[in-house]
Amino acid sequence: MALKVCKFGGTSMADGNVMNRVKRIVESDDDRRLVVVSAPGRRYSDDIKVTDTLYKCYYEVEKTGSCGTTFAIIRNRFTGIVKELGIDLDIKYVLDETERRINEEKSRDFTASRGEYLCARVMAKLLGAKFIDAEEVIFFKENGIFDGEKSYRAVSRAVEGEIRCVLPGFYGCGADGRVKTFSRGGSDISGAIVARAVNATLYENWTDVSGFYACDPRIVSTPKVIKSLSYKELRELSYMGANVLHSESIFPVRKANIPIHIRNTFRPEDDGTLIQPSVYYKPSGRVITGIAGKKDFTVIFIEKSLMNSEIGFIRKVLSVLEEQNIPIEHIPSGIDTMSLVIESARLKNGVLDAVLQGIKQAVEPDVIRVTEDIALIATVGHGMSSSVGTSARLFKAMAQANINVKMIDQGSSELNIIVGVKNDECEKCINAIYREFFN
Ligand code: ADP
Ligand code: ASP
Ligand code: MG
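In short, a report on the structure. (Residues numbered from 1 in each chain as written. Chains lettered and ligands numbered in written order. Predicted model: local features only at pLDDT ≥ 70, side-chain atom pairs only at ≥ 80, totals over all residues. Heavy atoms only, no water.)

## Thoughts on the pattern of salt bridges
It is possible for side chains bearing opposite charge to pair when their charged atoms get close.
Thought 1: By the definition in use, this model includes 24 salt bridges.
Thought 2: Between Glu 99 and Arg 75 there is a salt bridge, and its shortest N-O distance comes to 2.9 Å. Of the two residues, Glu 99 sits in helix H4 (residues 91–105) while Arg 75 sits in helix H3 (residues 68–85), which places them 24 residues apart along the sequence.
Thought 3: Given a relative accessible area of 22%, Arg 75 falls into the partly exposed group.
Thought 4: We note a salt bridge from Arg 101 to Glu 105, for which the minimum N-O separation is 3.4 Å. Here Glu 105 and Arg 101 lie together in helix H4, a separation of four residues that amounts to about one turn.
Thought 5: Among the residues examined, Arg 101 registers a relative accessible area of 25% and is labelled partly exposed. (Salt bridge = Lys/Arg side-chain N within 4 Å of Asp/Glu carboxyl O. Helix = DSSP H or I, 4+ residues; strand = E, 2+ residues; numbered from the N terminus. Buried < 20%, exposed > 50% of the residue type's maximum accessible area, 1.4 Å probe, protein only.)

Structure below.
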């Protein structure tokens, strides 16, 4: 029998009206037995997501010892939703308890997680389904990494024999027994974990767009929907900023070859996007699959004569970053040059100076230069490796748009070409590449 896990994002939980829409979607298919929800998102363009308000609650607790003033916004929102739905849930009691625990726990993660918790309580009532608290079935290890073995076992035990269950996304239980969240957008990961735990036939990810577009619809208006893509392409694109799906959500489902289907809650009749395990993936004939971009990187350029023959040069440079606990995105290199591309946020509060000092001491470069405010743009697709002239087309499109290339890195997977441009040329560059390959 087929078994589907459905994750509904923030916009799909925005108010009672949309939640009723979700109820119809879930109930229209008996296979949709496990439902994972995000916290209510925006109802209109300048609305505030529940999770963002909860982070404010935490700052209020930190400052004053109580979240009362900001929590009133959360209280209003959920009281309104329950009233609109007309369900029999003592929301006042649930909210009172939540507020009390936020004040008591004084934990940023706990506070942030309450949007998903409250939303799942409401959805479970609306669907007449069993509520399973993520705190009791999703676990993290001592080092903060997700504990798959323990979680998969706990989830599958909790859902056993149930017709339908609702779980809150975004959080679980840390090794210290306290609530711990994934990074922002992490309900996508929770959905994938549940799918893996129950060995689902499909992981449906319901959102507010009709699938994975060839690029961000906020940058290119009405880009093409990608009908299907591989896990690998998804990983590259989501990591590089296509945040319709959290970039870590493929890991749980990939091992079990569970496909992900991205669908639109507001247009359930649309096909959406199917993300398939690479083993089932058939070449589509297209050259590139999609384009994504991320801003705010710093490039540290290092030059030294005979760098290539100096054994251990790169290791010495990298160990400076390791000591500072800084991950590196890319390391493009030449004969006597190398660059380190690093997220700028990692280099704040004097860290950049410490890194530069460390590199100077470790390898005594002839030149060391820093360029900030760099955006990385990834052009991704399996088709690239078999079609001649893709990079020529890409660079020609950029040149015609008068965009200066600051860095190039062709991934060793032959799945992507990454270019670095100035932050403020990011959108222009994505548009230029899109026009070249899709129009
Ligand atoms: P949810 O709350 O359902 O998890 P998100 O806001 O996290 O939804 O993700 C959906 C949004 O991702 C879309 O509204 C869209 O603006 C944005 N987005 C960015 N890149 C892409 C892309 N390549 N394809 C589709 N949507 C994208
Ligand atoms: N509500 C959380 C966030 O806003 C998690 C999610 O939406 O997936 O980041
Ligand atoms: Mg999301």
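## Some remarks on the environment of Val 355
Thought 1: Residue placement: Val 355 occurs in helix H11 (residues 351–363).
Thought 2: Judged by relative accessible area, Val 355 falls into the buried class, the value being 0%.
Thought 3: Put simply, Val 355 and Asn 439 are 84 residues apart on the chain and 44 Å apart in space, counted from C-alpha to C-alpha.
Thought 4: Beyond its immediate sequence surroundings of up to four residues, Val 355 is in contact with Ile 300, Val 320, Leu 321, Gln 324, Ile 326 and Leu 347. (Contact = heavy atoms within 4.5 Å.)

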